[in-house]
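Chain by chain, the residues run as shown.
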Amino acid sequence: MKIPGSGGRLFRKYVVVLLVLVGGVLMASSLVELYFSYRETQLAIVRVERAKAVAAAGRIEQFLKEVEHQVRETTRTASDDPDASQVGPGRLGFREGLGAALAQQRELDFVRVLRNVPAISDLSHLDLSGKEQLRVSRLDPDVAGSQEDLSRTPKFMEARAGKTYWSPVYFKNDSEPYVTLAVPVGKYAREVTTAEVSLAPVLKSVSQIEVGPGGYAYVVDSLNHLVAHPDSRVMRDKRDLSALAQVKSARADRSGSTSDASALTVAAGLGGGRMLAAHAEIAPLGWMVFVERPAADAYAPLRAPIIRSVIIFVLGLGLSVLASLLLARRMVAPIRVLQEGATRIGAGTLDRPIELRTGDEIEALAESFNRMAASLKESYEGLEQKVEARTEELADANRDLTETLEQQTATAEILRVISSSPTDVQPVFDAIVRSAVRLCDGLYGTAVRFDGELMHLAAGHNWTPEVRRSLEEAFPMRPDRRMMAGRAILARAVIQVEDALADSEYSQHVARAGNFRGMLAVPMMREGSPVGAIVVNRDQPGSFSVGQIELLKTFADQAVIAVENVRLFKELEARTRELTRSVDRLTALGDVGRAVSSSLDLEQVLTTIVSRAVQLSGVDAGAIYEYDEPAEVFHLRATEGLPDEFLESAPVLRRGEGVTGQLAVMLAPVQIPDIGVAGTYQSRARDVLLNLGLRAALAVPLLHEGRVVGGLAVNRRVPGEFPQDIVDLLQTFATQSALAIQNARLFREIEEKSRQLELASKHKSQFLANMSHELRTPMNAVLGYTDLILDNIFGDVPEAIRDTLERVKTNGQHLLGLINDVLDLSKIEAGQLTLSLTDYSMGEIVQSVVSAVESLAAEKKLALKAMVPADLPPGRGDERRLTQVLLNLTGNAIKFTDEGEVSIEARISDGAFVVSVSDTGPGVSEADQQTIFEEFQQADSSSTRKKGGTGLGLSISRRIVELHGGRLWMESTLGEGSTFHFTVPLMVERQAEKA
Amino acid sequence: MGAVRLRAALRSLWPAVLILLCVLTLPAAAQQARRPFRIGVLNAAWAASHPTVEGLKAGLKELGLEEGRDVTFDIRFTEGKLSAMSAAAEALVKEGVDLIFTSQEVATLAAKDATEKVPIVFTLVGDPVGASIVATVAQPGGNVTGVSSLQTELIAKRLEVLKTIAPAVRRVWLFHYQLDLGATPMVSRAIEAGQRLKLEVVPKAVPDADELRRALREVRRDDAILAPEGSNPELTIAIIEQSLAAKIPAIFGTALWIGYGGLISYGPDYYAQGVQSAGLVAKILRGARPRDLPVEGAEKIDLAVNLKTAELMGLNVPRKILLRADAFRR
């Protein structure tokens, strides 16, 4: 605890109180003084104002009285006027004369008033009945006897009553204040004189009152209307000032005292703002003069006193600070000693009393503290005992709580283990046994599973080697009364034994091995049937608490849940596996189907099949064989998971050899659970398979239309029968394989046929080529000799013989042409025709053809034209063959044209020669245009006989052009002639591949 | 003990407090000294000492404004030349006077044309509303106010006075200066009053003295002349000459003309108007705005008669006139 220094709270408090006291008194006295001096100033101001107001009121009163006096004096009746007798009365009758004289006199009197009193603007005389008899005006023409009836006006009535009447103020031209004065006339007759009096002089005297800055004076009439004010704007408003506080107060004040204090009014001024107002009454009229100054003026003289007060206040405050510091220090010192003592007591030091000798209440307080310390000391001792007892109680309660908490924690822990281990029940049993031993204060814990017949050890905790051995010797066992687990399972209830040694039925062997006494067993129940038990052993005899039993029951229930969970999980897993397998199978079959339908490569297809089959059926190796039925042997086609060693050992299996060989006999799946068993499997591959560790074997036949076309064999390392689903699966693959083998066989046959056909065609061409050669050589000899004879080399030939010889020659030449054509064609077909590429001129080719057929055309009287541009570039190609083509086309044209013309045209287009041969022959029909280029074809078979020809020319020509990389085609309309075109590239550097 | 010391300390503080108070009050004292107000004067007089100006000076003095100390005067008189008025007015404005004091209509209008800011106080204007110098008498508006010589208001009374002194008169010629706009309401009022008084009123606006002299030839022996106050004093002088020469009774607007031989006058005194206007001038100089100061009617209206002229014209001055008269000329 902090011991406060001189700035302690109490100290501050004292100082503040003293300051407030002294400062407050000072301030109060200053304020009182200021207030009074303010009041005095106010009163002084008001006194001055009042004096001014009284003076102004006096002046105004004087002015008005003077006016009244003038009017009264100068308007006496004529009889009162000493001058009246002078106005020639002698010539008038007395009464009339008197009346007229009076009237005349009155007018003159009025004129005189006007001259003497500038403030009066009009004077009127009203007779007894209130009718106006005379009006004299300063500004307007005078009027005599207007007889205007004014009897009801206040001015007449008041004046008739003998009073002096002052009307309220009215304004001429909205700006000049006037009042009406009415006075009775004469001593007896009650006639009335009225006068309009300008208040301008009053206004002037009011506006001339010096009131000081911001101050002003004004006059209100008896109705509290503003009569005079220095500011004409205020005047113009014609305000009723009855509501002003100063006016009210003045009116109320009228009868009472006129002391300065009571006359003081602070009120809102005419123009707003707080004003100090004083007033004085203009007695005869009931008017009031007000003098006002801003209230703030009263403060001006206060400036000095305020400064004075502030200085006094500050000094006083300084002194009081000093005084309070001293005083407070004296008071606070003993209190601090007291405080220190109290702190000691608070800290537990009760032996040292507080030493204080001030001789006042503080010393008494110190004594009280000392007494208190003594009694505190006494009570402390009793308290300590109580605390001890209470602590014990709390510890007990805490223990119970801890126990419960531990049990719940354990339960939660087990639930956590259950949830984190859905597939394995072992961790759950371990956790249960561990927690059970801990929470039941046990020595050992055991979990046992019961499969309906035997009990199996599931988990143990804290087992000593002796216990473990004795238990492992006893289990698995049928439940009986020797073991706690057995008892619980038989009874299907919680079993408790207080002392194992005292229970003769219990296996004393185990009890001694474990050296335990108290035992508790709880069965695990699933749907009313026991599935196991939890046992806890203690080293001390005695019973288990209800809480522990309940806990163990909970554990048992949790164990059941865990076992159930795992069972369900495993079931699910199995189902999932099954499903996955089905999907895999379908996928594999899809693959196989795709392979079968997309490939004719048998080996590839079979490899795919055997690979998928092995993969899906979960075996270790597999092979596919093709059965050669006539030879009664199986040929190995594809393998999976088998080394080359195997391929070498048995590439071919005889009928009946191994599982596959037996297929040819059985026509159904064959399996051998273990080829290791002597006599079950006879094959050259047996040793190889055994070396590979393969034991079980299965083969399914590849059947096509009831006949074996092959076999699918699989091998497994694990011996044993193959399940039916695998057999079924393999049969599916076998069907696919059979299909593939069948496809492949068909394909192989087709391929073989094609090859044979090709060969036959080649032979034919070769034959033709050879034959042509063989035919042409003797033909040449025949023709050569015929020529020699016709050239008379052997002497003159008689005409008859010559004619015959000519025929021989012609037919011989035709035959030679035929042979040549056949030779060419066969050469082309045999791929033996080769172009001899040289530089040539298309112009020369055309020219040579023209000269060759000129005579033929001339014979048929046909015009033959050739159009060749002079600037055709040289080409490269087989000149002789191209000439042959053009000759053939031109010859045909001449041959099939009976009249008209044949023209040849050559030109360049897109880097190629385009040569066209046109005729005016019969033309070729649309349908014939397709076949005309085939061998041995002519458009009209009838024309062949007429025109001759082999029908090979066009076909050969087309082949030649195509060998040059060009194209030959025709355009024709039946009856309008034909045009044959061909193109050859300008430069042919090599022969085109395909002719 | 402490209190004694405190008191001693306070005593020693007094001089400081006094000095402080002096310092605080100094600026207020300094404010008292300011330059005199400059009043520009504009009229058609032949000398600076026009009665209105003299009256103004006297009035201001009475109100505590001493010439030289509180006010100075810049007097422009055009010696009867009305055409010089505008230039003189503008010169005054350019000089930067605080207020322009004018006499008669033409000078007032010239000043009003020259400035809309500098306050203008007029005198000797017969009808300020009729002359379009102010909007209304009660609220003049603009920067102009002043003292009206009540020409229009007094016209009937003048006819009456004329008839009183010359009862035989049947026709009255009313000559007025052509450029005085304020004369129009006066003329109609005169005709109206003439009917009541059984007098034929013949109004005649004249531009100058020559034209007036020509017109005066038409005046017959039984006729009389009403010579109102106007901006052109030459007209009045011509009327006096003709009136005396032809012994034709004539009434004038102010007592001034009686001294020159005029028969009779009824109207406000020049000097008195000057005095009266000093009240307005002082208020304006002390901060009031002209628009807030109503036009005042001339307060002092005098009747003056020249008994010698009356005798010359063979007129018997009635007692009513004699009693009313503020001044005589014998």
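Below is a short write-up of the structure. Quick caveat: nothing in here was measured; it's all calculated off a predicted structure. (Residues numbered from 1 in each chain as written. Chains lettered and ligands numbered in written order. Predicted model: local features only at pLDDT ≥ 70, side-chain atom pairs only at ≥ 80, totals over all residues. Heavy atoms only, no water.)

Let us look at the overall build of chain A. From N to C terminus, chain A includes 25 helices and 30 strands. Evaluated residue by residue, chain A yields a buried proportion of 43% over its 995 residues. If you take every contact in chain A between residues at least 6 apart in sequence, the share linking residues at least 24 apart comes to 60%. Surface exposure of chain A reaches about 51600 Å², of which carbon and sulfur atoms provide 54%. (Helix = DSSP H or I, 4+ residues; strand = E, 2+ residues; numbered from the N terminus. Buried < 20%, exposed > 50% of the residue type's maximum accessible area, 1.4 Å probe, protein only. Contact = heavy atoms within 4.5 Å. Areas by Shrake-Rupley, 256 points an atom, 1.4 Å probe, with all protein chains shown as cover.)

With that settled, consider the side chain of Asp-74 of chain B. Residues and elements named next belong to chain B. Among the structural elements, Asp-74 can be located in strand 2 (residues 71-77). A relative accessible area of 17% places Asp-74 in the buried class. At 3.1 Å, the side chain of Asp-74 and the side chain of Arg-76 are in polar contact. (Polar contact = N/O pair within 3.5 Å; in protein donor to acceptor, adjacent residues only side chain to side chain.)

With that settled, consider the interface of chain B and chain A. Listed per partner, the contact involves 41 residues of chain B and 33 residues of chain A. In total, about 3200 Å² of surface goes out of reach between chain B and chain A, with carbon and sulfur atoms giving 63% of it. Here chain B is connected to chain A by three salt bridges. Of the residues forming the side of chain B that touches chain A, the biggest block, 10 residues, is contributed by helix 1 (residues 2-32) of chain B. The class makeup of the residues in the side of chain B that touches chain A is 23 nonpolar, four polar and 14 charged. (Buried area = accessible area lost by both parts, 1.4 Å probe. Salt bridge = Lys/Arg side-chain N within 4 Å of Asp/Glu carboxyl O. Nonpolar A, V, L, I, M, F, W, Y, C, P; charged D, E, K, R; others polar.)

With that out of the way, let us pick up the side chain of Lys-155 of chain A. All names here are of chain A. One can find Lys-155 in helix 3 (residues 154-160). We note that Lys-155 is buried and unpaired, the nearest opposite charge coming from Glu-196 at a distance of 4.2 Å. Here Lys-155 is in contact with Leu-150, Tyr-165, Thr-180, Ala-182, Thr-194 and Glu-196, once residues within four sequence places are set aside. (Lys, Arg positive; Asp, Glu negative; His and termini not counted.)

This next bit is on unusual backbone geometry. That bond from Phe-475 of chain A to Pro-476 of chain A is cis: its omega, -10°, falls within 30 degrees of zero. Note on placement: Pro-476 of chain A falls in the loop between helix 11 (465-474) and helix 12 (484-491). In this structure, Asn-224 of chain A takes a positive phi of about 65° despite not being glycine. Among the structural elements, Asn-224 of chain A can be located in the loop between strand 8 (216-220) and strand 9 (226-228). The backbone phi angle of Glu-79 of chain B is positive, close to 50°, even though this residue is not glycine. Counting through the fold element by element, Glu-79 of chain B comes out in the loop between strand 2 and helix 3 (85-95). For Glu-79 of chain B, a relative accessible area of 39% gives the class partly exposed.

So, about the sheet that holds strand 9 (residues 250-252) of chain B. Residues and elements named next belong to chain B. In space, the seven strands of this open sheet follow the order 7-6-8-9-10-12-13, with mixed pairing throughout. Because the sheet does not close on itself, it has two edges, and the strands there are strand 7 (200-206) and strand 13 (327-329). Across the sheet, the mean angle separating the axes of adjacent strands is 20° when strand polarity is ignored. One ladder, built from seven bridges, connects strand 6 (residues 171-177) with strand 7; its direction is parallel. From the neighbouring strand, Leu-174 faces strand 7, where its bridge partner is Pro-203. (Pairing = 2+ DSSP bridges. Axes fitted to C-alpha atoms, helices over the stretch in contact; angles between N-to-C directions.)

The subject of this paragraph is the sheet that holds strand 21 (residues 670-672) of chain A. All names here are of chain A. Read across the sheet, six strands follow the order 20-19-18-23-22-21 without closing on themselves; strand pairing throughout is antiparallel. Bordering the open sheet on either side are strand 20 (652-654) and strand 21, each of which pairs with just one other strand. With strand direction ignored, the average angle separating the axes of adjacent strands in the sheet is 25°. Here strand 18 (residues 621-628) pairs with strand 19 (residues 633-640) via seven bridges, running antiparallel. Note on strand 19: the bridge partner recorded for Ile-624 is Ala-638. Along the sheet, helix 15 (residues 602-617) makes contact with strand 18, strand 19 and strand 23 (707-716), crossing strand 19 at roughly 65°. Across the sheet, helix 19 (residues 724-790) is in contact with strand 18, strand 21, strand 22 (696-704) and strand 23; its angle to strand 22 comes to roughly 45°.

Time to look at the nonpolar core. Membership of the largest hydrophobic core comes to 58 residues, with the highest contact counts inside it found for Ile-39, Leu-60, Phe-101, Leu-159, Ile-264 and Val-281 of chain B. For this core, the element with the most residues is helix 5 (residues 151-165) of chain B, which contributes seven residues. If sequence neighbours within four positions are ignored, Leu-159 of chain B has contacts with Val-172, Ala-190, Ala-193, Gly-194, Leu-197, Leu-199, Val-201 and Leu-226 of chain B. Residues Ile-60, Val-220, Val-247 and Ile-282 of chain A belong to the second largest nonpolar core, which totals 56 residues. (Core = buried A, V, L, I, M, F, W, Y, C linked by side-chain atoms within 4.5 Å.)

Side chains on a regular strand alternate between the two faces of the sheet. All names here are of chain A. Judged by how many residues are buried, strand 13 (residues 444-450) sits mostly within the fold: six of seven residues are covered. Bridge count for strand 13 against strand 17 (residues 529-537) is six bridges, and the pairing is antiparallel. The residue of strand 17 that forms the bridge with Gly-445 is Val-536. Across six bridges, the pairing between strand 13 and strand 14 (residues 455-461) is antiparallel. Paired with Arg-449 across the two strands is His-456, which belongs to strand 14.

Our next topic: the packing of helix 7 (residues 209-216) of chain B against helix 8 (residues 233-246) of chain B. Residue and element names in this part refer to chain B. Where helix 7 contacts helix 8, the two axes come as close as 9 Å, and the packing angle between them is 30°. Comparing the axis directions of helix 7 and helix 8 gives the class roughly parallel. Seen from above, helix 7 lies across helix 8 with right-handed handedness. On the side of helix 7, the interface is formed by Ala-209, Leu-212, Arg-213 and Leu-216, while helix 8 contributes Glu-234, Leu-235, Ala-238, Ile-239, Glu-241 and Gln-242. Of the residues in the contact of helix 7 with helix 8, the class split is six nonpolar, one polar and three charged. (Parallel < 35°, antiparallel > 145°, perpendicular 65-115°, else oblique. Left-handed = near helix turned anticlockwise from the far one by under 90°.)

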